[in-house]
Amino acid sequence: MKIKLLTLMALVFTMMVFGQNVNVSGTVIEASSGQPLPGVNVVVKNTSKGASTNFDGEFTLNDVPVNSVVVISYIGFVTQEITILNSDSLSISLVEDAESLNEVVVIGYGSQKKKEVTGAVSIVSSETLEELQPVKVEQALQGTVSGVNVTSQSGAPGAGLDIRIRGISTNGTNGPLVIIDGYQGDLSILNPNDIDTITVLKDAQAAIYGTVGANGVVLITTKGGKKGGKVKVSYNTYVGLQETSRKLPLLNATEYALLLNESYANGGQALPYTNVSNLGAGTDWQDEVFNESVPINSHDFSISGGSDKIAYSLSGSHLYQQGIIAPKKSDFRRNTARASIRADLSDKFKVSTNIIYTYLDRDSVNDFGLGSVLFNALNTPSTLSAYDENGDFTLVPSVAGLGIEIINPLAQIANTFNDYDLRKLNGTVSLDYQILEKLNLTGRIGFNTTNSESKSFSKIVDYGGKVFDVNRSSVAQNSINDNDYSFDLYATYKNNFNEDHNVTLTGGTTVFKTFGNGLFATGYDVPNNSWEFADISLALGTGGDGVRDVGSYSYDERRLSFFTRMQYDYKGKYLFSAMLRRDSSTKFGPENRVAYFPSVTAGWIISDEEFFNDSGVFDLLKLRASYGILGNDQIPNNGYVGQLSGEATYIFDNSLVNGTAIGQLPNSELQWEEAKKLDIGLDIRLLDNKLDITTDYFINKRDNLLIANIPVSGITGVFAPGSSAPTVNAGGVENRGFEFAVNYKDNISDNFKISASYNITTLKNEVTKVNNSTGFVEGGTFGVGQPAISRMETGQPLGYFYGYKTDGIFQNQAEVSAHPSQIDLGAEASPGDLRFVDVNNDGEINADDRTNLGNPIPDVTMGLNLTLNFKNIDFTAYAFASIGNDMVRNYERTLTDVNRLNYVLDRWTGEGTSNSVPRLTTASTSNNVFSDYFVEDASYLRIQNVQIGYSIPKDVIEKIGVDKVRIYVGVNNLYTFTKYKGYDPGATSGAPIGGGIDFGFYPIPRTYLCGLNLNF
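How each quantity is defined
Residues numbered from 1 in each chain as written. Predicted model: local features only at pLDDT ≥ 70, side-chain atom pairs only at ≥ 80, totals over all residues. Heavy atoms only, no water. Helix = DSSP H or I, 4+ residues; strand = E, 2+ residues; numbered from the N terminus. Buried < 20%, exposed > 50% of the residue type's maximum accessible area, 1.4 Å probe, protein only. Lys, Arg positive; Asp, Glu negative; His and termini not counted. Salt bridge = Lys/Arg side-chain N within 4 Å of Asp/Glu carboxyl O. Polar contact = N/O pair within 3.5 Å; in protein donor to acceptor, adjacent residues only side chain to side chain. Contact = heavy atoms within 4.5 Å. Pairing = 2+ DSSP bridges. Axes fitted to C-alpha atoms, helices over the stretch in contact; angles between N-to-C directions. Phe/Tyr/Trp six-rings, centres within 6.5 Å; stacked < 30°, edge-to-face > 60°. Lys NZ or Arg CZ within 6 Å of the ring centre and 35° of its normal.

**Q** Got a sec to walk through the side chain of arginine 334? Specific residues and values, please.
**A** By the element assignment, arginine 334 lies in strand E20 (residues 331–344). In this structure arginine 334 is buried but unpaired, with glutamate 138 as the nearest side chain of opposite charge at 7.2 Å. Here the side chain of arginine 334 touches valine 135 through a polar contact of 2.9 Å, landing on its backbone oxygen. Setting aside residues no more than four positions away along its own chain, arginine 334 makes contact with Val135, Ser188, Ile189, Leu190, Asn191, Pro192, Ser317, His318, Leu319, Thr358, Tyr359 and Leu360.

**Q** Please provide a residue-by-residue account of the sheet that holds strand E46 (residues 886–889), values included.
**A** Overall, mixed pairing links the three strands, which are arranged E47-E46-E50 in an open sheet. Two strands in the sheet have a free side with no partner beyond their single neighbour: strand E47 (935–937) and strand E50 (997–998). Two strands pair when backbone bridges link them, and E46 and E50 are joined in this way by two bridges, in the parallel orientation. Among the inter-strand pairings, arginine 889 is bridged to a residue of E50, identified as aspartate 998.

**Q** An account of the sheet that holds strand E1 (residues 21–30) is needed here, citing residue identities and associated values.
**A** Taken together, the three strands give an open sheet; going across it, the order is E4-E1-E7, and neighbouring strands pair in mixed fashion. If you trace the sheet from one side to the other, it starts and ends with strand E4 (58–65) and strand E7 (90–94), each paired once. Averaged over all pairs of adjacent strands, the angle between strand axes in this sheet comes to 30 degrees, irrespective of strand direction. Here E1 pairs with E7 via five bridges, running parallel. Across the sheet, the residue bridging to valine 28 is isoleucine 92, located in E7.

**Q** Residues and numbers for the environment of aspartate 88, please.
**A** Among the secondary structure elements, aspartate 88 is positioned in the loop between strand E6 (80–83) and E7. A relative accessible area of 48% places aspartate 88 in the partly exposed class. For aspartate 88 and leucine 1014, which are 926 residues apart along the polypeptide, the C-alpha to C-alpha distance reads 44 Å.

**Q** Hey, could you go over the packing of aromatic side chains for me, with residue numbers and the actual values?
**A** Applying the stated criterion to the full structure yields 22 aromatic pairs. Ring geometry for phenylalanine 880 against tyrosine 940: centres 6.2 Å apart, planes inclined by 55 degrees, an arrangement best described as tilted. You can see phenylalanine 880 sitting in strand E45 (residues 873–883) and its partner tyrosine 940 sitting in strand E48 (residues 940–951), a full 60 residues away along the chain. Tyrosine 940 sits in the buried class, given a relative accessible area of 7%. Three or more aromatic residues joined by ring pairs make a cluster, and in this case those are Tyr109, Tyr209, Tyr490 and Phe563. We note lysine 136 situated over the ring of phenylalanine 332; from NZ or CZ to the ring centre the distance is 5.8 Å. Here lysine 981 stacks its cationic end above the ring of tyrosine 903, 5.1 Å away from the centre of that ring.

**Q** An account of the pattern of salt bridges is requested, with residue identities and associated values reported.
**A** Tallying each qualifying case throughout the model produces 40 salt bridges. The residue aspartate 679 makes a salt bridge to arginine 166 at a minimum N-O spacing of 2.9 Å. One end of the pair, aspartate 679, is in strand E32 (residues 673–686); the other, arginine 166, is in the loop between strand E12 (161–165) and strand E13 (177–180), and 513 residues separate them in sequence. Residue arginine 166 is classed as buried on the basis of its relative accessible area, which comes to 2%. For glutamate 609, the salt bridge identified is with lysine 573, shortest N-O distance 3.3 Å.

So this is what it looks like as C-alpha cells:
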C-alpha cells in the first residue's frame, strides 16, 4: 500500500513539474568581445513563441513550459539550444561562425539561407578577393564562378573587361546588371578590398529585376561594421613589377631581308637587299615598345566598429598602375573613399547609408587595331633602326610595299597626348521600419553622379607621307555629366503557420531615372605646337567652312516598376517561390511601354526526408528547378521616334546651305526583348559538409531580339550623313549548357588545411532567327577593303566567322589546272598558293563558297583553384581554361615589305616543301583573302595567380597590440598555355558580332607582387 502511495505521489509531483510554466529572461553577448548582441532570435523550439534581444542584448519570454528547449540563433554565429529548468536568468555567449556567414545569400530585395535557395546562385567571398588581389573586381569572377567568362579588351592599364554569364545572348549589350548594396552601379569604380561578397544570379532567380536582368545579375555587398563590436583597423598594401606575358617570334633583320629578296624574285622584281651579311639581328621592335619592371602599387586602409546602436565602416584606397607600353603616357590611377553607417534610431526604425567616391585618371596610347602601337611594332621591318644618326626617330619609308599607315611606334608614342579624368559619387540611403512584428517596410534611394573630362592633342608631325601626318595642330576636349537615381519602396512579411509552413512575401515598387549631357569641342592651331598649351581657350583657329567645331547631346530615360515575390517552404524541405515584375520604360513607345516578367522556382531537400536519415552519406541533397522570363531594354534612346540628328544640304535663295534631317529611322513598334530561362540543378554536400557539389543544366532562349541598324530596304534613305537603319525586334538566340562545380575543404590536422575547387561549363550557342531582308547581320573587319567576316545567321553561332575554306597548297601546275579557277578571288592561282574549297560544288570558286570557319565563343570553360595552409604558411593557386574558342589573326598587314612572324620560315618554296604556309611573292595572289588560313584555335590554360604568404604567430604580435601581420609574394598571370600565335587568346573587342578578331591585342602583363596585410 505504501509503495502504491509513493508511486502516486511521485506521479502527481512529476505532472506538476512538467505542467509548470515560468518566465525566462536573459542576456546574449558576443563571446569574443563580451559586447551585447541586439536582434538575436530567441524561440521556444517547435513553437511560434519567441522574442528578439534589445540593444543591450536582453530578452524576456513569458509563460515558457519547464523542460522545453529554447533556440538562440543569430546570423554569423553558432546556434545554441538551452533546456529551461527554472526561471533563473540566462547568460548566453554566442560564438562567431565563419561558415554560417557564407550560408546567407543576397538574392535581390532580400536574403535567404543558402540551403533554401532554389535558383542558380554562385558566391565569391572576400577571402577569394584577398587571394587573387585583382586590379579590377571583374577579374575575381574568372575561373571562380561556373558559367561566367570574363574577357579583356586590352591589357592596358584601366582597360575595360567584359562579363558574360552563360554565353552571349544578344547582339546588343551582354553585360550583367550590377547592384551595389541595393543600387544599380558600376564594378569598375570599386576597390576590391571593400567587397564582402559577390553574388551572381544566373537564372530566373534574377527575374525580380525584370527588364534589366536578362543578362544575369551581379550583387555586390560591401563590408560593414558590427554593432557592439570592437574597433577594427586594417591596412593592406602591395607593390609590384610588370612585364609583358608574351612576345611574338618575329623575323630578325637577316631573315627578313632574305625572305623579302625571295618574295621580290618570285614576283620578277629586282632584289631589294643585295648584301645581307652585315644586317645581323637588327631591331626588335617589341623590345623597343615593351618595358620591364613597370611599377604597380596599391594601398588600402579601413576602420570599422560599432556601439549598441551604430555600426560603421570607413575606408580609403589608392591604386596606381603604369603600362608596359609607354609607361609615362599609359597609366591608370584609382582613388576611392567609402563610408558605411547603420544605425538603430529606435526599436522600429533603422537607417543605413553607403557612400562611395571614386576618382579615376587614365592616360593611354593607341593600343588596338590598325595603326596601334603594337600593330606598328609587329609590321615595321627589323632592318630599320629606331633612331637615325641625328638621334631623331627613323621614318618608315612610304613605298608601296609598306603602305601609308605603318609608322615608327616610338615616334607614335612620343607624339601621343591625352588625358581622361572621372569623378563619381554614388551610394544609397535606406530606412527600415518595423510596422508589425512580422512586417517590415524598406525605403531606399540610390544615386550615381559622374563627371568626366577628356583632352587629346594632335601636334603637327610629319611621319614621311603617312596617313597619320598632321599638318595642323588641334586639341579636342569633352565634358560629360551622367546621372541616375533609383527609389525603392517595398515591404517584407515573414511568418510561420502551424510550425511547418514558412512564408515570406515581398512586394514593392522601384523608380529609375538616368539623365545627362555631353559637350564636345575642337580647337585648332595650338600655340607652340605643344601639349602644355593644348587647351581650347588658347587655340587660335577653327575648322574649315561648314565644319562644326562643337557638338553636344542630352538624354533623359526612365523606368517605373512594380514587383512581388512569394517564398514558401513546408518543414524546410519543400521549397517554392514565385515572382512577378511589371516594368514600363521610356525606351519604347506608348503602345509597347509596359511588359510583365514572371518566374517560378522550386526545390526539394531530399536529404531531410525520413527515408534518407539512415543513409549517413549525404549532409545535403537538394533538387531545384526554375523557369522565368526576363527582359532587356539596353538599346539606344528614342528609337521609336524620328529625330533631327542627320545632316542635309538644302537650296535657299539659289544657294546651298547646311541643315538637319531625320537621323536614325524610327520604329514605333519596338518592344521588349525577352529572355526565357530554364534551369534544373542539384546541390550535394558530403563528408560532414567537406565536399560540396553543384550541377546545373540550363537553356536560355532570347526572343524579340533588339537588333540596331538592321539592314532594311534600299529604297529607304539610310546612307545620308547622320542617318542609319532602325532598331527592330528581329532575332532570336539560344544558349544551352551544363555546369558542374565541386569544392572540398578539410582540416587535415591542427596545422594543415586544404581547400580545392573545380568548375566546368559547357555551352552551345545558336541563332534561332534573323528576320530581315538578307537573313543575316554582318560585322567585324579584316584587312583593308575586304567584306565583313562575322555574321549572325539562323542555325549558326552568334558572330561566327564567314569566309573561304582551304585545302592545303597547290604543289604543281597540274593541281592548279585540275582545280576550279580562283580568278574571282582576285588572281589566278599558281603553285605555292592556297587552294580554296569549292564548297557548293558548282565548279567555280567565288563568294558563294564562303562558309562557317569558326566560332569565337568557347565550347567549354573551366576553373581550378587550390589553397593550402600549413601552420602560419599559406599557398594559393588559381587557373582558368577556355576550350574551343577560335580567333582570327588580323594583326599582320597584308603588304609585301612588312615584317612577319617566323612561321613563314616554313613557307612553300617548291613541290613538297609545305602544305600549310603559302609562297612569298610580290605578284598578285588570292592568299590574303579571308579564309581559315587566318583562323586559329585559341584554346588556352592560364595560371592566373600563385601566392605564398606567411602570418607572424599571434603570441608574438599580440604583445604590440596587433591582431594580424601577414606578408606575401605572388605572381598574377603567370603563364598561358596555348597554340595560338597572338598575344592573348582570351582577348576580344567585346562585340557580339566581330568579337574574336585579333588586331594585335595589348597583352595582359605578368605581375610580380609583394604585399602586407595588417589588422589591429
